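Descriptive structure summary
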Amino acid sequence: SVASDDQKFCLTEVLDTFKLCLSENKEVYLEQYVAGWRGLVKFLNSLGSVFGFISKDAVNKIQVLVNYLNGENGSQYITVQSMVKYELDNELVDLTKRGSHPESGCRTLLRLHRALRWLELFLERLRTSTEDSKTSVMCAESYNESLALHHPWVVRKAAGMAFLVLPGRPAFFEVMNVGPPEQVVAMLGEALPLISEVYQITEELYAQHLLLDLP
Ligand code: 1Q0
């Protein structure tokens, strides 16, 4: 039925959202970026409640950004580029230590941006994996090379434990709901360059403005 199709989660659609993030002149639309994360969180939730502490944090951060988008200065938040300019010009960012702007758009997006690097690494491993590859290992390796560098010991420990209960590769591919493994691999091959481009553009923007270590 239409209703059940509607609820069926398809990873292709989610990754397509990241395609829509890029404007003609290579700016990153915040609304689409946030929509992409929403879809990923849905996927995460379908993997079980052990991932609740991760999805809860992601949802909080998504909500912070949505509130800016829908707020009275929403027009300043159309792209990541305009957000950075607006918040910096108006001194709305805590640059060295947490102060009067603990939830700036810039610092909030930075957390999702770091997670996007994890996603890129993880999906690349999935793409090139074989039948006997372990999702928990691929996930942990990707995490250690990205997000873990910014997380304290407790969080790394909790994340490591959650990874252990990830479903195996066949179940994982099934939940992605893209089709047979060959099709998953092809879809990932198409989606990854775009995710990578969105990541690179944001990374360069943040580097340019010295925002990569925002508290
Ligand atoms: C599939 C398994 C998913 C594993 C996701 C790896 C991320 C682990 C992160 C664990 C930390 C979460 C707890 C909160 C940490 C915060 O302290 C931290 C910093 O924020 P703050 O405000 O304290 O400075 N927050 C973060 O680093 C943000 C973490 C966001 C994680 C978003 C993950 C969203 C889910 C994605 C699932 C996508 C799976 C798609 C795979 C598709 C291929 C089948």
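What comes next is a walk through the structure. Everything quoted here is computed from the prediction, not taken from an experiment.

**Structural notes on the site of the ligand**
Around the ligand, the structure places 25 residues, and the nearest of them are Asp57, Lys61, Arg107, His151 and Phe172. Contact distances for the ligand include 2.8 Å between an oxygen atom and a side-chain N or O atom of Lys61. A distance of 3.1 Å separates an oxygen atom of the ligand from a polar side-chain atom of Arg111. In isolation the ligand exposes 970 Å². Once the protein is present, 90% of that is buried. Looking at the shell around the ligand, the elements that each hand over two or more residues are α3 (30-46), α4 (52-70), α6 (105-127), α8 (153-164) and α9 (169-176). In terms of residue class, the shell around the ligand is built from 20 nonpolar, 1 polar and 4 charged.

**Structural notes on the environment of Glu190**
Within the secondary structure, Glu190 sits in helix α10 (residues 181-208). For Glu190, a relative accessible area of 55% gives the class exposed. On a C-alpha basis, the gap between Glu190 and Thr12 in space is 9.8 Å, while along the polypeptide they are 178 residues apart.

**Focus on unusual backbone geometry**
Despite not being glycine, Lys26 shows a phi value in the positive range, around 65°. Its identity as a non-glycine residue notwithstanding, Glu91 has a phi of 50°, on the positive side. Looking at the secondary structure, you find Glu91 in the loop between α5 (80-89) and α6.

**Observations concerning α3**
The end-to-end C-alpha distance of α3, which contains 17 residues, comes to 25 Å, matching closely the 24 Å that a straight helix rising 1.5 Å per residue would cover. Taken residue by residue, α3 has Leu30, Tyr33, Val34, Gly36, Trp37, Gly39, Leu40, Val41, Phe43 and Leu44 as its buried positions. Against α2 (11-19), α4, α5, α6, α9 and α10 lie the buried residues of α3.

**Looking at the nonpolar core**
Leu11, Met83, Met176 and Tyr206 are the most contacted members of the largest nonpolar core, which has 66 residues in total. Setting aside anything within four residues of it in sequence, one finds Met176 in contact with Phe9, Cys10, Leu11, Phe43, Leu126, Val184, Met187 and Leu188.

**Comments concerning the state of the cysteines**
Per the stated rule, a full pass over the model turns up 0 disulfides. No disulfide involves Cys21; its sulfur sits 16 Å from that of Cys106, the nearest cysteine. Its relative accessible area of 0% is what places Cys21 among the buried residues. Judged by its relative accessible area of 0%, Cys106 falls in the buried class.

**Digging into the pattern of salt bridges**
The final tally for this structure, using the stated rule, is 8 salt bridges. Notably, a salt bridge pairs Glu197 with Lys26, separated by 2.8 Å at the nearest N-O pair. Remark: Lys26 occurs in the loop between α2 and α3 and Glu197 occurs in helix α10; sequence separation between them is 171 residues. Put simply, Lys85 and Asp89 hold a salt bridge, and the shortest N to O gap is 2.6 Å. Here the residue Lys85 and the residue Asp89 both occupy positions in helix α5, the gap between them amounting to 4 residues, near one helical turn.

Calculation criteria
Residues numbered from 1 in each chain as written. Predicted model: local features only at pLDDT ≥ 70, side-chain atom pairs only at ≥ 80, totals over all residues. Heavy atoms only, no water. Near = heavy atom within 4 Å. Polar contact = N/O pair within 3.5 Å; in protein donor to acceptor, adjacent residues only side chain to side chain. Areas by Shrake-Rupley, 256 points an atom, 1.4 Å probe, with all protein chains shown as cover. Helix = DSSP H or I, 4+ residues; strand = E, 2+ residues; numbered from the N terminus. Nonpolar A, V, L, I, M, F, W, Y, C, P; charged D, E, K, R; others polar. Buried < 20%, exposed > 50% of the residue type's maximum accessible area, 1.4 Å probe, protein only. Expected span 1.5 Å × (residues − 1). Contact = heavy atoms within 4.5 Å. Core = buried A, V, L, I, M, F, W, Y, C linked by side-chain atoms within 4.5 Å. Disulfide = S-S within 2.5 Å. Salt bridge = Lys/Arg side-chain N within 4 Å of Asp/Glu carboxyl O.

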